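Here is what each chain is made of, one letter per residue.
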Amino acid sequence: MNPTACILVIGNEILSGRTQDVNVQYIARRLTEIGISLREVRIIPDIRRVIVSVVTEARAAYDHVFTTGGIGPTHDDITSSCVAEAFGVPWVPHSETFALLEKHFAPGEFNAARQRMATLPQGAIPIRNPVSIAPGFTMGNVHVMAGVPRIMRAMFEEIAPTLRHGTPVTSRSWHAFGLYEGALAAKLENIQHAHPDIDIGSYPFHDRDGHGGVALVCKGLDADEVTQVADKIAAMIREMGFTPLAGEPAHKA
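Residues numbered from 1 in each chain as written. Predicted model: local features only at pLDDT ≥ 70, side-chain atom pairs only at ≥ 80, totals over all residues. Heavy atoms only, no water.

The name an unreviewed UniProt entry gives the protein is Competence/damage-inducible protein A, with Gluconacetobacter entanii as the organism.

In structure tokens, the structure reads:
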């Protein structure tokens, strides 16, 4: 079994609709590539008791917990102190991070608000931030990253080589125009029953010209079995009188 993971997206701006989250898709794709199974995603508000409770629950349930958002200099950036509370440790200035940020800012600009970004749970390991200097951190199995997408991506790539992982997921897909889920559901279910360890997904689509069909995706840890299932899906599409096209449709609407 591959290690499991949960993503916690922290921020009122996501829940209100002001900001669209794009971090989950990136993390999910990268976890699949390195062999970590994403099992849950939660979006939670900037409320201390909620963050502490959810972090405590998630870190006990999963091998890895990734958080995004809430580690900046403003009053609502409380993720770091909440993680400290969840682990039952003090939230204290981190000397190396403090020195790094102090050197980064011009004299007089490293104010109390910015010093919050150098305050971490005691025992945390900083995650280097090559974009804007202020680091994230790892505490136990919880990896705390920025919410700004380009910074989050840089932080994730810093820790990716260090993460306990398993077998990368193999994926194969087909799509067919004019074929719809209602027509193939029973046949596809038979394939799924024969291969319970392979995740088979069915996704309707319409392209920008209004032409529709279905994309069929199979994923699993056993590359040979994934290939077997993909071959069965292609054969099923042909038997139904349609043309299986490799991959997913290029222009989905």
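### Focus: the sheet that holds strand S10 (residues 199-206)
This is how it is decided: Strand pairing follows a simple DSSP-based rule, namely that at least 2 bridges must link the two strands. Think of it this way: any DSSP run of H or I at least four residues long counts as a helix, any run of E at least two long counts as a strand, and we number them from the N terminus. By the convention used here, residues are in contact when the closest approach between their heavy atoms is within 4.5 Å. Orientation is described by lines fitted to C-alpha atoms, with helices fitted over the stretch in contact, and by angles between N-to-C directions that extend from 0 to 180 degrees.
Strand order in the open sheet made by the four strands is S10-S11-S9-S12, with antiparallel pairing throughout. At either margin of the open sheet sits one strand with a lone partner, and together these are S10 and strand S12 (245-246). Relative to S10, helix H8 (residues 181-194) is tilted by about 165°, and along the sheet it contacts S10 and strand S11 (212-220). Docked against the sheet, helix H9 (residues 223-239) engages strand S9 (170-177), S10 and S11, running at close to 5° with respect to S9.

### Focus on the UniProt feature "domain: MoaB/Mog" (unreviewed entry) in the protein
Under the convention used in this document: UniProt positions are given in the numbering used here, feature names are shortened, and annotations may be inferred rather than shown by experiment.
Per the UniProt record, "domain: MoaB/Mog" (unreviewed entry) is annotated on residues 6-166. Here residues 6-166 runs as 40% helix and 25% strand, with 16 Å between its end C-alpha atoms.

### A closer look at the pattern of salt bridges
Rules: Should a side-chain nitrogen of Lys or Arg be within 4 Å of a carboxyl oxygen of Asp or Glu, the pair is scored as a salt bridge. Burial here depends on accessible area, computed with a 1.4 Å probe over protein chains only, as a share of the maximum for the residue type. Under 20% is buried, over 50% is exposed, and the range in between is partly exposed.
Enumeration according to the criterion identifies eight salt bridges in this entry. A salt bridge links Arg30 to Glu157; the nearest nitrogen and oxygen atoms lie 2.8 Å apart. On the criterion of sequence distance, the pair formed by Arg30 in helix H2 (residues 23-34) and Glu157 in helix H7 (residues 149-159) is long-range, its members being 127 residues apart. The class for Arg30 is buried, based on a relative accessible area of 13%. Of the charged contacts, one joins Arg128 and Glu158 as a salt bridge, the two residues approaching to 2.9 Å between their closest N and O atoms. Taken as a pair, Arg128 in strand S6 (residues 125-129) and Glu158 in helix H7 lie far apart in primary sequence, 30 residues in all.

### A word on the packing of helix H3 (residues 48-61) against helix H4 (residues 79-87)
The cut-off we apply is this: In these notes the angle categories are as follows: under 35 degrees is roughly parallel, over 145 is roughly antiparallel, 65 to 115 is roughly perpendicular, and the rest is oblique. For any helix crossing, the convention is left-handed if the near helix is rotated counterclockwise from the far helix by under a right angle, and right-handed if that rotation is clockwise. Under the grouping applied here, Gly and all other residues not named as nonpolar or charged are polar, the nonpolar ones being Ala, Val, Leu, Ile, Met, Phe, Trp, Tyr, Cys and Pro and the charged ones Asp, Glu, Lys and Arg.
Running from N to C, H3 and H4 point in directions that differ by 55°, and their axes come no closer than 9 Å. One way to sum up the angle between H3 and H4 is to call them oblique. Seen along the crossing, H3 lies across H4 with a hand that is right-handed. Contacts between H3 and H4 pair Arg48, Ile51, Val52, Val55, Thr56 and Arg59 from the former with Ser81, Cys82, Glu85, Ala86 and Phe87 from the latter. Across the contact of H3 with H4, the residue classes tally to six nonpolar, two polar and three charged.

### Focus on the sheet that holds S6
Where strands meet in a sheet, backbone hydrogen bonds hold them as pairs that are either parallel or antiparallel. Judged by pairing direction, the sheet is mixed, and its six strands sit side by side in the order S2-S1-S3-S8-S7-S6 without closing on themselves. Two strands in the sheet have a free side with no partner beyond their single neighbour: strand S2 (37-44) and S6. Each neighbouring strand pair of the sheet contributes to a mean axis angle of 20°, computed without reference to strand direction. Bridge count for strand S1 (residues 4-10) against strand S3 (residues 64-68) is five bridges, and the pairing is parallel. From the neighbouring strand, Ile7 faces S3, where its bridge partner is Phe66. Along the sheet, H2 makes contact with S1, S2, S3 and strand S8 (142-145), crossing S1 at roughly 165°. Its contacts with the sheet place helix H5 (residues 95-104) against S6 and strand S7 (133-139), and it is angled at close to 165° to S7.

### Quick look at the pairing of S8
Of the two faces of S8, the one lined by Val142 and Val144 and the one lined by His143 and Met145 are each fully buried. Sheet analysis places S3 next to S8, joined by four bridges and oriented parallel. When the bridges of S8 are listed, Val65 appears paired with Val142. Pairing geometry for S7 and S8, over three bridges, is antiparallel.

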